[in-house]
Amino acid sequence: MKPLIFTLFSEGPLLQAISKKLNIAIDTVQCHEFPDKETYIKINSDVKNRTCLIFESLNHPNNKILPVVFLAETLRDLGAKNIGLIAPYLAYMRQDKRFQPGEGITSSYFAKMLSHYFNWLSTVDPHLHRIHHLNQIYSIPSTVIHATEAISEWIKMNVVNPLLIGPDRESVQWVEQIAIGAGAAYLILEKTRHGDSAVEVSIPEIQQFQACTPVLVDDIISTARTMIETIKHLNDLNMKPPVCIGIHGVFADNAYDALLQTGANQVVTCNTITHVTNKIDLSEVIANQIDSQLKS
Ligand code: R5P
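Note that the coordinates shown come from a computational prediction; the quantities given were computed from them, not determined experimentally.

Cut-offs used in this document
- Residues numbered from 1 in each chain as written.
- Predicted model: local features only at pLDDT ≥ 70, side-chain atom pairs only at ≥ 80, totals over all residues.
- Heavy atoms only, no water.
- Near = heavy atom within 4 Å.
- Polar contact = N/O pair within 3.5 Å; in protein donor to acceptor, adjacent residues only side chain to side chain.
- Areas by Shrake-Rupley, 256 points an atom, 1.4 Å probe, with all protein chains shown as cover.
- Helix = DSSP H or I, 4+ residues; strand = E, 2+ residues; numbered from the N terminus.
- Pairing = 2+ DSSP bridges.
- Contact = heavy atoms within 4.5 Å.
- Axes fitted to C-alpha atoms, helices over the stretch in contact; angles between N-to-C directions.
- Parallel < 35°, antiparallel > 145°, perpendicular 65-115°, else oblique.
- Left-handed = near helix turned anticlockwise from the far one by under 90°.
- Nonpolar A, V, L, I, M, F, W, Y, C, P; charged D, E, K, R; others polar.
- Phe/Tyr/Trp six-rings, centres within 6.5 Å; stacked < 30°, edge-to-face > 60°.
- Buried < 20%, exposed > 50% of the residue type's maximum accessible area, 1.4 Å probe, protein only.
- Salt bridge = Lys/Arg side-chain N within 4 Å of Asp/Glu carboxyl O.
- Right-handed = clockwise from strand over helix to strand, strands pointing away.

## Things to note about the site of the ligand
Piece 1. Close contacts around the ligand come from 15 residues, with Glu170, Asp218, Asp219, Thr223 and Thr226 the closest.
Piece 2. Within the backbone of Ser222, a nitrogen or oxygen atom sits 2.8 Å from an oxygen atom of the ligand.
Piece 3. The fraction of the free accessible surface of the ligand (370 Å²) that becomes covered by protein chains is 95%.
Piece 4. Taken together, the elements giving at least two residues each to the shell around the ligand come down to strand S11 (191-195), strand S13 (213-221) and helix H6 (225-236).

Right, dumping it as structure tokens:
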């Protein structure tokens, strides 16, 4: 029997393309918010003994997570035999340690909760920094899908003489692979974060790359302060206006406009979170991974 695929918040072009590639129709869920803001869920298909996939990008996680776990629990209650979560963007990956006494390690608590409701998880390039593998916090099988090859291809097709710049040490895991794939040089900077929107980035040593087009690459663009501080250095060094690439364009508040105003020539993201900057399509790589997951 074919698996069933459900979503509450993510029925955008990415899911449409994946459903077409896998030849699995998207099943409807009735989800209603009562006047008191509680959630009503109704599933219209027979899910008994079926494999069910829930496709949700988990940006704005606090708004989404309770309806999503209610959906998973409803499917289980109605007899689904296996429930997988495909989360192109996986939230709560950055508070992965207690930086100050008394803080909660929310990466770990979020992982514990999802591991309770799902049988397995697939996601695209989660923010693995101090945690090196999802299985350090998730107790269910998990697969990481990489956007690096698609990004390298986009750079090869769209940027003349690129120089890749990773704004902090952890970005080396993406930037190095993307640079190799694109046949480009790369630099990694040092970042110090003093607060949500207070970031310092080291000045790139870039003299010999004056003729290049800088391409800033990061896994997440949230407030965009990391990229904005880097662009300011590039402006001071009279470099060409950079291309800014984020795997996941979270874009808090006015982050996108602020990036353009600081001098980004172009802002480009993968389509893990629907946004006007989505230029790099991951439907093929995600559909292939789901296909092999379903055959395993
Ligand atoms: C964290 O280290 C990530 O890799 C990104 O650098 C960070 O999330 C970017 O955040 P923002 O856009 O708020 O500077």
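## Things to note about the sheet that holds strand S8 (residues 142-145)
Piece 1. Pairing within the open sheet is parallel, and its six strands lie in the order S2-S1-S5-S6-S7-S8. The open sheet has two edge strands, strand S2 (26-27) and S8, and neither has a second partner.
Piece 2. Bridge count for strand S6 (residues 82-87) against strand S7 (residues 120-124) is four bridges, and the pairing is parallel. Paired with Ile86 across the strands is Ser122, a residue of S7.
Piece 3. Sheet strands in contact with helix H2 (residues 61-77) are strand S1 (4-6), strand S5 (51-55) and S6, and its direction is about 170° off that of S5.

## A short note on the packing of helix H1 (residues 13-22) against helix H8 (residues 283-295)
Piece 1. With their axes 9 Å apart at the nearest point, H1 and H8 run at an angle of 50° to one another. Between H1 and H8, the angle is such that the two are oblique. For the pair H1 and H8, the sense of crossing is right-handed. Residue-level inspection shows Leu14, Ala17, Ile18, Lys21 and Leu22 of H1 in contact with H8, the latter providing Ser283, Glu284, Ile286, Ala287, Ile290 and Asp291.
Piece 2. A breakdown of the residues in the contact of H1 with H8 according to their chemical character gives seven nonpolar, one polar and three charged.

## Describing the packing of aromatic side chains
Piece 1. Enumeration over the complete set of coordinates arrives at three aromatic pairs.
Piece 2. Here Tyr92 and Phe110 contribute two aromatic rings whose centre-to-centre distance is 4.9 Å and whose plane-to-plane angle is 45°, an arrangement assigned as tilted. Separated by 18 residues along the polypeptide, Tyr92 in the loop between S6 and helix H3 (106-117) and Phe110 in helix H3 bring together distant segments of the chain.
Piece 3. On the basis of relative accessibility, which here comes to 5%, the residue Phe110 falls in the buried class.

## Considerations on the pattern of salt bridges
Piece 1. Taken as a whole, this structure holds nine salt bridges when the rule is applied.
Piece 2. A salt bridge links Lys37 to Glu33, with the shortest nitrogen-to-oxygen separation between them at 3.6 Å.
Piece 3. The class of Lys37 is exposed, set by a relative accessible area of 60%.
Piece 4. Across the pair Lys232 and Glu229 runs a salt bridge, and its minimum N-O distance is 3.3 Å. Within this pair, Lys232 and its partner Glu229 are both found in helix H6, separated by three residues, close to a single helical turn.
Piece 5. A network of salt bridges, in which partner residues are shared, links Arg225, Glu229 and Lys232.

## Regarding the pairing of strand S10 (residues 185-188)
Two faces belong to every sheet, and in a regular strand the side chains alternate between them.
Piece 1. Pairing geometry for strand S9 (residues 162-166) and S10, over four bridges, is parallel. Among the inter-strand pairings, Leu164 is bridged to a residue of S10, identified as Tyr186.
Piece 2. Where the polypeptide runs from S9 across helix H5 (residues 172-182) and back to S10, its parallel neighbour, the crossover connection is right-handed.

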